[in-house]
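Summary of the model geometry
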Amino acid sequence: MATARAPRLHPGAWWIWALGLGTAATRTTNPLLLGLLVGVSGYVVAVCRPDTPWARSYAAFVKLALAVLLIRLGFAVVLGSPVPGTHVVVTLPELPLPAWAQGIRLGGRVTAEALVFACYDGLKLATLLICVGAANALASPSRLLKSLPGALYEAGVAVVVALTFAPHLIADARRLRAARRLRGRPDSGVRGLLQVGLPVLEGALERSVALAAAMDARGYGRVAEVPRAVHRTTAALTLGGLLGVCAGTYGLLTAEGAAYGLPLLLAGVAAALGGLRLGGRRSPRTRYRPDAWGGRAWLVAGSGVAVAALLAVAAGYDPQGLRPGVVPLVAPALPLWPAGAVLLGLLPSFVASEEPS
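Predicted model, so just to flag it, every value in this text is computed and none were measured.

1. Quick look at the overall build of the protein
Looking only at helices and strands, the protein has 13 helices and 2 strands in total. Burial statistics for the protein: of 357 residues in total, 36% are counted as buried. Within the protein, counting contacts between residues at least 6 apart in sequence, those at least 24 apart form 78% of the total. When the accessible area of the protein is evaluated, it comes to approximately 20,600 Å², of which 68% is carbon and sulfur surface.

Structural data, given as structure tokens:
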């Protein structure tokens, strides 16, 4: 007798998990913790991602993260760094600049402290990109679009189309390169890039035209009539909610606003949710087999939120451990309990590996 398959995991849980890891990456510049975050996200992707074209985009995000890291190091070498240092690695020819460009230099001394500082800074952004790539590889864009409220449907369509654009390009490029190799033609170098890039671009344009025609045939963009009072109430709730969220977030980030920050943030979130619910009347929608938010979704999303919260607390208690200095130049140490908090992000590999998509 066949066993019943586990229900599909809600795609929003994967995005909350990945954004939690990305938020944790913004709280530290310790390369050991950042490397641990990259390892956690990579392991979960390797265990849980489905065999679909859009799930293969994780490697592209990793390459983009490496490019960002190299560009950050290149800027530190060419334009210098505000970090003082005594360990000179190389001295480049320095170009004289006019008086109005004071504070900017081209060339000159490149110190080890400046390179390490740039590496820490670039690695933080690279880790954030890899976490976003993990969400893109694990969460189905079409199913994520079904889960959005009606008020965000049009914006959600634009975001989903943008998120699926890169995976489709990667799949087309791989297919064309494989076809050229089978025919004995070069697929590398400038010539190979041009001969592969033009068909990929042509396919992207044809896909966009076909998508626009399909959306128009299905009535995309048509809205229902709602009373004027509902329009005004929706606008007031949404605008007031966003202002409340901004003011509450500012209050939480400053010592003077700690008393009013949390109440304003909660009130703003409640008002914004009310505005989104009222705004959904303009776009009545039905869902075929909607994704249920079950216990596994709570565990996956909660693990990401827990990692972000614990790293935020650790940044306040042990700032030196999470943000190691570069002057004097010392090797970073691995703080134990923040590292254990990062390992909580491995929970999806145990609870969501049966049916990840």
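2. Some details on the packing of aromatic side chains
Throughout the structure, instances matching the rule amount to 1 aromatic pair. Aromatic pair W14 and W17: ring centres 5.8 Å apart, planes at 85°, arrangement edge-to-face. You can see W14 and its partner W17 sitting in helix α1 (residues 11-26), 3 residues apart, about one turn around the helix. Each of the two residues, W14 as well as W17, counts as buried.

3. Thoughts on the environment of G85
Residue position: G85 is located in the loop between α3 (58-79) and β1 (88-95). Judged by its relative accessible area of 18%, G85 falls in the buried class. Along the chain, G85 and V326 lie 241 residues apart, while their C-alpha atoms are 8.7 Å from each other.

4. Section: the pattern of salt bridges
Under the definition given, this model contains 1 salt bridge. One salt bridge connects D121 with R72, and the closest N-O pair in it is separated by 3.2 Å. Here the residue D121 occupies a position in helix α4 (residues 112-138), and R72 occupies one in helix α3, the gap between them amounting to 49 residues. Among the residues examined, D121 registers a relative accessible area of 31% and is labelled partly exposed. Owing to a relative accessible area of 23%, R72 belongs among the partly exposed residues under this scheme.

5. Here's the deal with the environment of V307
Here V307 shows up in helix α10 (residues 295-317). A relative accessible area of 0% means that V307 is categorised as buried. The spatial distance from the C-alpha of V307 to the C-alpha of L343 is 8.1 Å, given a sequence separation of 36 residues. Residue contacts for V307: discarding those within four places in its chain leaves L21, A24, L37, A341, V342, L344 and G345.

6. Some points on the packing of α3 against α4
Axis angle and axis distance: for two packed helices, these are the angle between their axes and the distance between the axes, and together they describe the pair. The N-to-C vectors of α3 and α4 enclose an angle of 160°; their axes lie 8 Å apart at closest approach. On the basis of their axis angle, the class for α3 and α4 is roughly antiparallel. Remark: the crossing between α3 and α4 carries right-handed chirality. Of the residues assigned to the contact of α3 with α4, the class counts are 23 nonpolar, 3 polar and 2 charged.

7. Details of the pairing of β1
With 0 of 8 residues buried, β1 is to be regarded as a mostly surface element. Bridging between β1 and strand β2 (residues 106-111) involves 5 bridges; their strand directions are antiparallel. Bridge pairing in β2 places V88 opposite T111.

8. Quick look at the nonpolar core
Most often, soluble globular proteins keep nonpolar side chains buried together rather than apart. Counting 40 residues, the largest nonpolar core has W14, W17, L37, V300 and L311 as its most contacted members. Elements represented by at least two residues in this core include exactly α1, α2 (31-48), α3, α4, α10 and α12 (336-342). Beyond its immediate sequence surroundings of up to four residues, V300 is in contact with L9, A13, W14, W17, P348, V351 and A352.

9. Some remarks on α3
Taking 1.5 Å per residue, 22 residues should reach 32 Å; α3 reaches 31 Å between its end C-alpha atoms and fits that length. Among all positions of α3, only Y58, F61, A65, V68, L69 and A76 are buried. Viewed along the axis of α3, the buried residues span an arc of 95°, placing them on a single side of the element. Among the exposed residues of α3, those pointing more than 90 degrees away from its buried face are K63, L66 and L70.

Criteria and thresholds
Residues numbered from 1 in each chain as written. Predicted model: local features only at pLDDT ≥ 70, side-chain atom pairs only at ≥ 80, totals over all residues. Heavy atoms only, no water. Helix = DSSP H or I, 4+ residues; strand = E, 2+ residues; numbered from the N terminus. Buried < 20%, exposed > 50% of the residue type's maximum accessible area, 1.4 Å probe, protein only. Contact = heavy atoms within 4.5 Å. Areas by Shrake-Rupley, 256 points an atom, 1.4 Å probe, with all protein chains shown as cover. Phe/Tyr/Trp six-rings, centres within 6.5 Å; stacked < 30°, edge-to-face > 60°. Salt bridge = Lys/Arg side-chain N within 4 Å of Asp/Glu carboxyl O. Axes fitted to C-alpha atoms, helices over the stretch in contact; angles between N-to-C directions. Parallel < 35°, antiparallel > 145°, perpendicular 65-115°, else oblique. Left-handed = near helix turned anticlockwise from the far one by under 90°. Nonpolar A, V, L, I, M, F, W, Y, C, P; charged D, E, K, R; others polar. Pairing = 2+ DSSP bridges. Core = buried A, V, L, I, M, F, W, Y, C linked by side-chain atoms within 4.5 Å. Expected span 1.5 Å × (residues − 1). Arc of directions from axis to C-beta.

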